[in-house]
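If you want the building blocks of each chain, they are given just below.
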Amino acid sequence: EPLGALDLKLREQMQLELKALQRQLGITFIFVTHDQQEALSMSDRICIFNQGKIEQIAAPDTIYDAPATPFVARFVGTVNLFEGEQARRLCGDERQMMVRPERIRLAEAGSPGWSGEVREVEYLGPFVRYRVDLGEQLELIVNHPNEGQARLPRGTRVSLSWPEQAIHRLHTAPLGAQP
């Protein structure tokens, strides 16, 4: 983990330098990191291990947008996972599904979508993270872009929706696992 002890600005500068050096030399780097954002930004391909077994090997965008397993989905970013009755209710299928928080649209109550109540609000700079209770023990995380407007207070009623292509069905076993 060559960049682990560096502050954020120096780490970002070194990431650019390493990528430029790799392109200039035309060689393969094996870069080990536990920083998921660093792995996504530095890599052409990522290998995710879980307890010594490979969960998935793919391009960064595939790892993030189409993770193979629930472990990979949780490991690389924040995710909303559903299965069983919750998945059927929200996605129309009982199998395990995921939707990334930034793909969820948040609108005022009464708009098309699922009705819920804001339970928590976290200001994170470029976006505001809302935890929205949809009832029946279902809470969704929504990353809403920070566009300079006032944040919604706890207790606000909202509607949530997402495009069909935002839903991704997960496998339950890692690569190479026996059925």
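What counts and how
Residues numbered from 1 in each chain as written. Predicted model: local features only at pLDDT ≥ 70, side-chain atom pairs only at ≥ 80, totals over all residues. Heavy atoms only, no water. Buried < 20%, exposed > 50% of the residue type's maximum accessible area, 1.4 Å probe, protein only. Helix = DSSP H or I, 4+ residues; strand = E, 2+ residues; numbered from the N terminus. Arc of directions from axis to C-beta. Salt bridge = Lys/Arg side-chain N within 4 Å of Asp/Glu carboxyl O. Pairing = 2+ DSSP bridges. Axes fitted to C-alpha atoms, helices over the stretch in contact; angles between N-to-C directions. Contact = heavy atoms within 4.5 Å. Core = buried A, V, L, I, M, F, W, Y, C linked by side-chain atoms within 4.5 Å.

This next bit is on helix α5 (residues 84-91). Burial in α5 covers these residues: A87, L90 and C91. With its buried residues spanning 80° around the axis, α5 presents them on a single face. Taken from the residues just after α5, G92 is the one with a positive phi, measuring 80°.

Going through the model one piece at a time under the given rule, you end up with 11 salt bridges. In this structure, D93 engages R95 in a salt bridge whose closest nitrogen and oxygen atoms are separated by 2.4 Å. With its nearest N and O atoms 2.9 Å apart, the salt bridge here joins R119 to E117. When its relative accessible area of 33% is taken as the criterion, R119 is described as partly exposed. Connected through salt bridges with shared partners, the residues E117, R119, D133 and R157 form a single ionic network.

Moving on, we get to the sheet that holds strand β5 (residues 105-108). The 5 strands lie next to each other as β5-β9-β6-β7-β8, forming an open sheet whose pairing is antiparallel. Of all strands in the sheet, those bounded by a partner on one side alone are β5 and β8 (138-145). The sheet shows a mean angle of 45° between the axes of neighbouring strands, taken without regard to direction. Against the sheet, α5 contacts β6 (114-123), β7 (127-135) and β8, and its axis sits at roughly 45° relative to β8.

One open sheet accounts for 3 strands, arranged β3-β4-β10; its pairing is antiparallel. The two strands at the open ends of the sheet, each matched to only one other strand, are β3 (80-82) and β10 (168-169). Sheet topology note: the β3/strand β4 (residues 97-99) ladder contains 3 bridges and is antiparallel. When the bridges of β4 are listed, F82 appears paired with M97.

On to the environment of M97. Tracing the sequence through the fold places M97 in strand β4. Taking C-alpha positions, M97 is 27 Å from T156, a pair spaced 59 residues apart along the chain. Not counting the four nearest positions on each side in its chain, M97 is found in contact with N80, L81, F82, A87, C91, I167, H168, R169 and L170.

Formed by 21 residues in total, the largest nonpolar core has its most connected members in F82, L90, V132, L140, L160 and W162. Those elements giving two or more residues to this core turn out to be α5, β4, β7, β8 and β9 (157-161). Broken down by element, this core gets its largest block of residues, 4 residues, from β7. Non-local contacts of V132, meaning those with residues more than four positions away in its chain, are made with G116, E117, V118, L138, E139, L140, V142, V158 and L160. The next biggest cluster of nonpolar side chains, apart from the first, holds 9 residues, and it includes A39, I46, I63 and V76.

Here we take up unusual backbone geometry. For Q51, which is not glycine, the phi torsion reads 50° and is therefore positive. By the element assignment, Q51 lies in the loop between β1 (46-50) and β2 (53-58). Even without glycine at this site, Q137 takes up a positive phi of about 60°. Tracing the backbone through its elements, the reader meets Q137 in the loop between β7 and β8.

Moving on, we come to the environment of L81. Residue position: L81 is located in strand β3. Judged by its relative accessible area of 21%, L81 is partly exposed. Measuring from C-alpha to C-alpha, the distance between L81 and Q96 comes to 7.0 Å, with 15 residues separating the pair along the chain. Residues within four places of L81 in sequence aside, it is in contact with P70, A73, R74, M97, M98 and L170.

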